[in-house]
Amino acid sequence: MMTGNNNKGVAESSEVLNRSSNDIEQKRNSHENKQQSNFHEIQLKKHSHDSTEEKRDSHDTEENRNSHGTEEKTNSNSHDIEEKTNSHENEGKIDSHEGDEPPEKGIITTRSPNAPSPIRKRRGGWKLAILLLANQGLATLAFFGVGVNLVLFLVRVLEQSNAVAANNVSKWTGTVYLFSLVGAFLSDSYWGRYLTCAVFQVFFVMGLGLMSLTSWLFLIHPSGCGDGEKLCNPPSKAGVILFYLSIYLVAFGYGGHQPTIATFGADQFDEADPEQQSSRAVFFSYFYFALNVGCLFSNTILVYYEDHGYWNIGFLVSLGSAVIALLSYLMGSSRYRYIKPCGNPLPRVAQVFVAAARKWHVVPADPDNLYEMEGKESAIKGSRKILHSNEIEFLDKAATITDRDQNEKNPWRLCTVTQVEEAKCVLKLLPIWLCTIIYSVIFTQMASLFVEQGDVMHAQIGNFHIPAASMSAFDICSVLISTGIYRQVLVPLAGRLSGNPKGLSELQRMGIGLIIGMLAMVAAGATEIARLQYVEQGKKVSSLSIFWQIPQYVFVGVSEVFMYVGQLEFFNGEAPDGIKSFGSSLCMASISLGNYVSSMLVAMVMGITARGSDPGWIPNNLNEGHMDRFYFLIAGLTVLDFAFYLYLAKRYKYINLEGPENEEVSQESQDDEVLRSV
């Protein structure tokens, strides 16, 4: 009975809507195309609604018929058409709210008459973001299960010296984050975020598998060696080669995965929705929180087993965690929110510089007269337009229209304002990014010199020996605690005082991170001075407790919350739509160069200080050196870096985007292909 009434209501609604449409055509000739498109869209969608929706529409139409005259029916139904059009356009947008049903297959929507071909939308939201956070935590557990104790593995198993092992770890860690640029490039240009994450995680799993197999077959002999007391057999050449191949496969996989998974997680929230925009900002804090939760397990439990010679167990646990991370990632494939890649940015940026150089003697036109695409569509596929800025005005020549450009539209002579502003954004971000490298030098000491320092300190509690690498658990705990304090206490307090809902701007947070990082180096230097004072003649290990390292680890952890979370938000937010993953990768690339700079500093310091009978600042026997001076050197460089950073941050102008984020997003065909292949 209900079905019959609904069908009758639908038929009556259709009759009224047809008559209304004809009246509207006569009265509003200027909007004919738009209303005809809306009318057809309603007709197509009407059959996909459930019975409740049909009943409501039918009831509304009956009321309009009974309570209004012919003229009023036309106006009322015209209003209904506009309301339902807006309703259906909202339904066509990507649904990122929990509990909503995804759009049905086959339903298509258009954003405007000039929009690209209709595509099917998918949804994101916090449920999918949490799945990606879990993926990040598991992948980080797997990575640091290898990386946190790598310096001791090189010393105890591969029989390398302290300085050589520290340099090799710095180079390897630098390579990890250097590969983040490769992942970001492929993600932004060709593959998209989803496919890039999937492929690099496969490489990550392959590297961990090869490393576990190599250590078991070639390196850990006899069983249980490498615990600091039991010596391993000299490593074979084949074993060393396979081991280095495996750890660099790990570097390639994890490095390419990191910036892309951060951006892909942020993609699950729609910037056009104010509520989701705030969730997008919070996501980066939780992203770093998840990273440190993974670190906590690897830096405590796994480190303990590895430090006691159970290297194979530690590597196998890392492998299992990476496999679970990959499977959990693939579980959400049908529900993720996808953003199309915007094409290779390198030619776009190069065109701006070439066009500006070819118009060297041309005076830049006024901002209103610069070349730009008409309408809302940008010349960069999938990107919003970027409004003109008054910085680096030389590049405006690339968008200045000359007589020759009137006859010939050559992209190497004439670029759009959006294209020019994209190049400007890259140039503006680079100086800020360079200032973060010294902080990364501070950060990388936790995986090298902090561990070597702790390894020669008193680490016994009764019969229990504390692994030096496990002291980084204090860094992780300080990150977790500081993240909560920052989000729940500092942000509301600073927001009330400054009027900024974010509390502190990203640039302010990064500056605070630099200062706290400098304090960490001062604390590390003070600890080393005290350690040397408690060294007994003829003994390698100082009687000073390893817990004196806690302040330096805590300072580093607190500084990370300000520096690295601020970096993720800043570079991702300031990067144009076409290079979002590149923005996230700048944070990783900063860590990469920080490791290389740290390695270079160690080499330079040892080259200058280790002369004649002087063993230098960082000798094999740390009791004969002065590692404290190296820590104070880094602190001094940080002070100089902060002064330069302060100068740049005060003059930085934020990007100005036009309109909401491009809504035309979908899972691309190559995403389905990689799922089938995996």
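In this text the structure is predicted, and so the values were computed from the model without any measurement.

A.B. asks: Sorry if this is basic, but what is going on with the overall build of the protein chain here?
C.D. replies: From N to C terminus, the protein chain includes 21 helices and 4 strands. Taking all 678 residues of the protein chain together, 55% fall into the buried category. Nonlocal contacts in the protein chain, meaning residues at least 24 apart in sequence, comprise 83% of its contacts between residues at least 6 apart. Summed over its atoms, the accessible surface of the protein chain is roughly 29,500 Å², and 60% of this surface lies on carbon and sulfur atoms.

A.B. asks: Can you help me understand the nonpolar core in this one?
C.D. replies: One recurring pattern in soluble globular proteins: nonpolar side chains tend to sit buried together. Among the nonpolar cores identified, the biggest contains 129 residues, and Phe 143, Phe 153, Phe 204, Leu 208, Phe 243, Tyr 329 and Ile 432 are the most heavily contacted of them. Sorting elements by how many residues they give to this core places helix α7 (residues 162-219) first, with 13 residues. Excluding residues within four positions of it along the chain, Phe 204 makes contact with Ala 139, Ala 142, Phe 143, Val 250, Gly 253, Tyr 254 and Ala 322. The next biggest cluster of nonpolar side chains, apart from the first, holds 12 residues, and it includes Val 352, Ala 355, Ala 356 and Ala 423.

A.B. asks: Would you explain the pattern of salt bridges in this entry?
C.D. replies: Between side chains of opposite charge, a pair can form when the charged atoms approach closely. Applying the stated criterion across every chain, the model contains 14 salt bridges. Notably, a salt bridge pairs Arg 156 with Asp 455, separated by 3.8 Å at the nearest N-O pair. On the criterion of sequence distance, the pair formed by Arg 156 in helix α6 (residues 150-156) and Asp 455 in the loop between α15 (449-454) and β2 (460-461) is long-range, its members being 299 residues apart. The partly exposed category is assigned to Asp 455, whose relative accessible area is 26%. Where salt bridges share partners, they join Arg 156, Asp 307 and Asp 455 into one cluster.

A.B. asks: Help me understand helix α18 (residues 550-574) in this model?
C.D. replies: Three- or four-residue spacings in an α-helix give side chains the same orientation, since the helix completes a turn every 3.6 residues. The end-to-end C-alpha separation of α18 is 35 Å, in line with the 36 Å expected for 25 residues at 1.5 Å each. At Glu 560, α18 shows its largest kink, close to 35°. Counting buried positions over the 25 residues of α18 gives 20, a clear majority of the element.

A.B. asks: Just to check I follow, could you spell out the packing of aromatic side chains for this structure?
C.D. replies: Two numbers describe a pair of aromatic rings. These are the distance of the centres and the angle of the planes. Evaluation of the coordinates by the stated rule reveals 42 aromatic pairs. Residue placement shows Lys 397 over the ring face of Trp 360; its charged tip is 5.8 Å from the ring centre. Over the face of the ring belonging to Tyr 652 we find Lys 428, whose NZ or CZ atom lies 5.4 Å from the ring centre.

What counts, and where the lines are drawn
Residues numbered from 1 in each chain as written. Predicted model: local features only at pLDDT ≥ 70, side-chain atom pairs only at ≥ 80, totals over all residues. Heavy atoms only, no water. Helix = DSSP H or I, 4+ residues; strand = E, 2+ residues; numbered from the N terminus. Buried < 20%, exposed > 50% of the residue type's maximum accessible area, 1.4 Å probe, protein only. Contact = heavy atoms within 4.5 Å. Areas by Shrake-Rupley, 256 points an atom, 1.4 Å probe, with all protein chains shown as cover. Core = buried A, V, L, I, M, F, W, Y, C linked by side-chain atoms within 4.5 Å. Salt bridge = Lys/Arg side-chain N within 4 Å of Asp/Glu carboxyl O. Expected span 1.5 Å × (residues − 1). Bend = angle between axes of the 7 residues up to and from the residue. Phe/Tyr/Trp six-rings, centres within 6.5 Å; stacked < 30°, edge-to-face > 60°. Lys NZ or Arg CZ within 6 Å of the ring centre and 35° of its normal.

Treat this as a map of the structure, not an account of what it does.
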